[in-house]
Amino acid sequence: AQSVTQPDIHITVSEGASLELRCNYSYGATPYLFWYVQSPGQGLQLLLKYFSGDTLVQGIKGFEAEFKRSQSSFNLRKPSVHWSDAAEYFCAVTPDYKLSFGAGTTVTVRA
Amino acid sequence: NAGVTQTPKFQVLKTGQSMTLQCAQDMNHEYMSWYRQDPGMGLRLIHYSVGAGITDQGEVPNGYNVSRSTTEDFPLRLLSAAPSQTSVYFCASRGNSEAFFGQGTRLTVV
């Protein structure tokens, strides 16, 4: 079955520290890959996407993600976290038009 | 450019009542979809449409109906609301690349 896994339900990070969120997918071929962020009570905002080409993609708000075909992973990173990065993050994949989402990772930022 | 507009933002229903969640997009996208978001489960696909007159079921379609009479609109109908349908609902519209999401409808069924 096709699936998206975000192994970490909750991550707490200190402001200024680095952040990495994991995402693994299970599909027959390389799908399109996305990371979305959701602030409390808000909709989803696209951080970045990967379709093909360079496996390191840059997004908004200082985020980047690296696609690793051999590991079926698309991990999200940020070198230095700001308090405003506290939110829920969703990895999503699509082999066609239908987006499948991971369960999400909640990020807490401590001062 | 409004993007994807969902109404209402909040709704409380009694068990057995019916209602329609509205979704409209102004980007001329063919593909639209409805998701529900529940804690610890991410977003799950309810129904989707690849164009006017064409709809299909997603992962969790039971208890929901949709129709797509125009490219712009994709309403979601609950015919007889149940407490299990308490959730946050998101409509999405997609072109050739990313999906754009509405702000969500928080529905409570009591």
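Keep in mind the model is a prediction, meaning the values are calculated, not measured. (Residues numbered from 1 in each chain as written. Chains lettered and ligands numbered in written order. Predicted model: local features only at pLDDT ≥ 70, side-chain atom pairs only at ≥ 80, totals over all residues. Heavy atoms only, no water.)

Let's hear about the overall build of chain B: which residues, and what values?
When you go through chain B residue by residue, the secondary structure sums to zero helices and 11 strands. Scanning chain B from its N terminus toward the C terminus, one meets helices and strands in the order β-β-β-β-β-β-β-β-β-β-β. The C-alpha atoms of chain B give a radius of gyration of 13 Å, which matches the 13 Å a tight globule of 110 residues would have. Considered along the principal axes of its C-alpha atoms, chain B spans approximately 40 × 25 × 25 Å. The 110 residues of chain B split such that 51% are buried. In chain B, the share of contacts with a sequence separation of at least 24, taken over all contacts with a separation of at least 6, comes to 51%. Here chain B carries 8 positive and 8 negative side-chain charges, and the mean point of each set is 11 Å from the other. (Helix = DSSP H or I, 4+ residues; strand = E, 2+ residues; numbered from the N terminus. Rg over C-alpha atoms; globule rule 2.2 N^0.38 Å. Buried < 20%, exposed > 50% of the residue type's maximum accessible area, 1.4 Å probe, protein only. Contact = heavy atoms within 4.5 Å. Lys, Arg positive; Asp, Glu negative; His and termini not counted. Charge placed at Lys NZ, Arg CZ, Asp CG, Glu CD.)

Describe the interface of chain A and chain B, and please don't skip the residues or the numbers.
Between chain A and chain B, the contact holds 20 residues from the first and 19 residues from the second. For the pair chain A and chain B, the summed buried area comes to about 1,600 Å², and 56% of that belongs to carbon and sulfur atoms. When the buried area of chain A at its contact with chain B is split by residue, Tyr97, Lys98 and Phe101 of chain A rank highest and sum to 33% of it. Where chain A meets chain B, there are one salt bridge. Summed over the shared surface of chain A and chain B, the result is four residue pairs in polar contact (both at pLDDT 80 or more). Contributing elements (two or more residues each) for the side of chain A that touches chain B: β5 (32–38), β6 (45–50) and β10 (87–94) of chain A. By residue number, the principal contributor to the side of chain A that touches chain B is β5 of chain A, which donates four residues. Class assignment of the residues belonging to the side of chain A that touches chain B gives a composition of 11 nonpolar, five polar and four charged. (Buried area = accessible area lost by both parts, 1.4 Å probe. Salt bridge = Lys/Arg side-chain N within 4 Å of Asp/Glu carboxyl O. Polar contact = N/O pair within 3.5 Å; in protein donor to acceptor, adjacent residues only side chain to side chain. Nonpolar A, V, L, I, M, F, W, Y, C, P; charged D, E, K, R; others polar.)

Tell me about the environment of serine 18 of chain A, and name the residues and values.
Residues and elements named next belong to chain A. Here serine 18 is to be found in the loop between β2 (10–14) and β3 (19–21). Of the residues examined, serine 18 reaches a relative accessible area of 53% and is grouped as exposed. Remark: the alpha-carbon pair of serine 18 and valine 81, spanning 63 residues in sequence, is separated by 6.0 Å. Filtering out sequence-adjacent residues up to four positions away, serine 18 remains in contact with Val13, Lys78, Pro79 and Val81.

Could you give me a rundown of the layout of surface pockets, with the residues and numbers involved?
Left-over empty space is what a probe sized like a water molecule reveals as it rolls over the atoms. Taken as a whole, the largest pocket encloses approximately 540 Å³ of empty space. Gln38, Gly41 and Glu88 of chain A together with Gln37 and Arg106 of chain B are the residues nearest the centre of the largest pocket, which is lined by 27 residues in total. Partitioning the lining of the largest pocket into residue classes produces 11 nonpolar, 12 polar and four charged. (1 Å grid on protein atoms, 1.4 Å probe; cavity = no way out; pocket = protein on both sides within 12 Å on 5 of 7 lines; lining within 4 Å. Points joined across faces, edges and corners; volume = space filled by probe spheres on them.)

For empty space enclosed by the protein, give the residues involved together with the corresponding values.
Residues and elements named next belong to chain A. The full count for this structure, using the stated rule, is one cavity of 30 Å³ or more. Space inside the largest cavity adds up to approximately 40 Å³. What lines the largest cavity is Val37, Ser39, Leu47, Lys61, Phe63, Ser84, Asp85, Ala87 and Tyr89. Among the residues making up the lining of the largest cavity, the classes are represented as five nonpolar, two polar and two charged.

Now, about the pairing of β10 of chain A: what can you tell me, with residues and values included?
The two faces of the sheet receive side chains in turn, since in a regular strand these alternate between them. Residues and elements named next belong to chain A. Of all eight residues that make up β10, seven are buried, and the element is covered over most of its length. Across seven bridges, the pairing between β5 and β10 is antiparallel. By the bridge assignment, tyrosine 32 is partnered in β10 with threonine 94. Note: β10 against strand β11 (residues 100–101), two bridges, orientation antiparallel. Within β11, the position partnered with alanine 92 by the bridge is phenylalanine 101. (Pairing = 2+ DSSP bridges.)

Just give me the short version of the packing of aromatic side chains, but keep the residues and values in it.
For the coordinates displayed, the defined rule picks out 16 aromatic pairs over all chains. With centroids separated by 5.3 Å and ring planes inclined at 85 degrees, the aromatic side chains of tyrosine 36 of chain A and phenylalanine 101 of chain B adopt a geometry described as edge-to-face. One end of the pair, tyrosine 36 of chain A, is in strand β5; the other, phenylalanine 101 of chain B, is in strand β10 (residues 99–101), on a second chain. Just as tyrosine 36 of chain A is buried, phenylalanine 101 of chain B falls in that class too. Taken together, Tyr32, Phe34, Tyr36, Phe51, Phe90 and Phe101 of chain A together with Tyr35 and Phe101 of chain B form an aromatic cluster joined through their ring pairs. Its guanidinium or amino end placed over the ring of phenylalanine 74 of chain B, arginine 68 of chain B lies 5.9 Å from that ring's centre, counting from NZ or CZ. (Phe/Tyr/Trp six-rings, centres within 6.5 Å; stacked < 30°, edge-to-face > 60°. Lys NZ or Arg CZ within 6 Å of the ring centre and 35° of its normal.)

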